[in-house]
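# Structural overview
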Amino acid sequence: MGETLLALRIALTLLLYAFLGVVLFILVRDLRRDGTPTVPRPTAALLRWHDTGGAEHSLALETVTGLGRAEDNSLPLDDPFASAHHALVVWREGQWHVEDLGSHNGTYLNGERLSLSRVLVSGDEIRVGDTLLRFEIKTT
């Protein structure tokens with residue numbers, strides 16, 4: 001009986017050390033990998049709009065694209081009803097989002113005033129002041 005208990009203790013100890021060895025191996029392997037987290041690249045997208053003369057324009061989106069009257073925006077708008085920094089189109093969590101920056105006249109997505117950040121899909125219409133922008137996913 002004593003020899004059986006000793007053999008079980010030794011077997012259990014060996015299993016425990018084997019388990020700890022596997023855990024240590026996995027931890028070391030993960031630490032040796034490139035330490036940069038994998039962030040999904042933004043899906044190529046753009047905004048299209050027509051100016052007052054009817055000419056069509058487009059802008060390829062950056063990870064963060066600012067919309068408004070101020071010249072430091074990615075897309076400065078010549079629109080008296082747009083705020084200086086009116087809205088953002090941002091790449092977050094693997095999707096494009098639009099959010100209002102507390103503008104006086106609001107930002108509209110498909111005719112509905114935004115109160116929270118909303119996910120964009122190709123064909124969505126964003127209205128900033130009197131400017132209507134169409135969001136499109138680029139296809140190759």
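In case you missed it, the structure is sitting above this.
Below you will find a few notes about this structure. (Residues numbered from 1 in each chain as written. Predicted model: local features only at pLDDT ≥ 70, side-chain atom pairs only at ≥ 80, totals over all residues. Heavy atoms only, no water.)

Of regular secondary structure, the protein possesses 1 helix and 11 strands. Secondary structure elements in the protein, listed N-terminal to C-terminal, are α-β-β-β-β-β-β-β-β-β-β-β. Here the C-alpha atoms of the protein give a radius of gyration of 27 Å, more than 25% beyond the 14 Å that 2.2 N^0.38 yields for 140 residues. Projected onto the principal axes, the alpha-carbon positions of the protein cover approximately 95 × 30 × 25 Å. The buried share among the 140 residues of the protein stands at 29%. Taking all contacts inside the protein whose residues are at least 6 apart in sequence as the whole, residues at least 24 apart take part in 33%. Total accessible area on the protein is roughly 9800 Å²; 58% of this is exposed by carbon and sulfur atoms. (Helix = DSSP H or I, 4+ residues; strand = E, 2+ residues; numbered from the N terminus. Rg over C-alpha atoms; globule rule 2.2 N^0.38 Å. Buried < 20%, exposed > 50% of the residue type's maximum accessible area, 1.4 Å probe, protein only. Contact = heavy atoms within 4.5 Å. Areas by Shrake-Rupley, 256 points an atom, 1.4 Å probe, with all protein chains shown as cover.)

Counting residues in hydrophobic clusters, the biggest one holds 20 residues, and the most contacted among them are Leu-47, Leu-67, Val-89, Trp-96, Leu-120, Ile-126 and Leu-133. When residues of this core are traced back to their parent elements, those giving at least two are β1 (45-50), β5 (87-92), β6 (95-100), β10 (125-128) and β11 (131-137). Among all residues touching Leu-67, those that are not within four sequence positions of it are Leu-47, Asn-73, Leu-75, Leu-77, His-85, His-86, Ala-87, Val-89, Val-128 and Leu-133. (Core = buried A, V, L, I, M, F, W, Y, C linked by side-chain atoms within 4.5 Å.)

A few words now on the pairing of strand β2 (residues 56-60). Regular strands show a simple pattern: their side chains alternate between the two faces of the sheet. The pairing of β1 with β2 spans 5 bridges and is classified as antiparallel. Bridge pairing in β2 places Leu-46 opposite Ala-60. The turn joining β1 and β2, which pair antiparallel and follow one another in sequence, is formed by 5 residues; a positive phi near 95° is taken by Gly-54. (Pairing = 2+ DSSP bridges.)

So, on to the pairing of β6. Inspection of the sheet shows β5 paired to β6 by 6 bridges, in the antiparallel sense. Within the sheet, the bridge partner assigned to Leu-88 lies in β6 and is Glu-99. In textbook terms, the turn of a hairpin is the stretch between consecutive antiparallel strands, and for β5 and β6 this stretch comprises 2 residues, one of which, Glu-93, has a positive phi near 55°. Two strands pair when backbone bridges link them, and β6 and strand β9 (residues 118-119) are joined in this way by 2 bridges, in the antiparallel orientation. Along β9, the bridge assignment pairs Val-98 with Arg-118.

The strand order β2-β1-β11-β10-β7-β8 describes an open sheet built from 6 strands, whose pairing is antiparallel. Edge positions in the sheet fall to β2 and β8 (112-113), since each of these pairs with one other strand and no more.

Our focus in this paragraph is the sheet that holds β6. Taken together, 5 strands build an open sheet; the order of strands is β4-β3-β5-β6-β9 and the sheet is mixed. The outermost strands of the open sheet, each flanked by one partner alone, are β4 (75-76) and β9.

Counting across every chain of the model gives 1 aromatic pair. Sitting above the plane of the Tyr-108 ring, Arg-127 keeps its charged end 4.3 Å from the centroid. (Phe/Tyr/Trp six-rings, centres within 6.5 Å; stacked < 30°, edge-to-face > 60°. Lys NZ or Arg CZ within 6 Å of the ring centre and 35° of its normal.)

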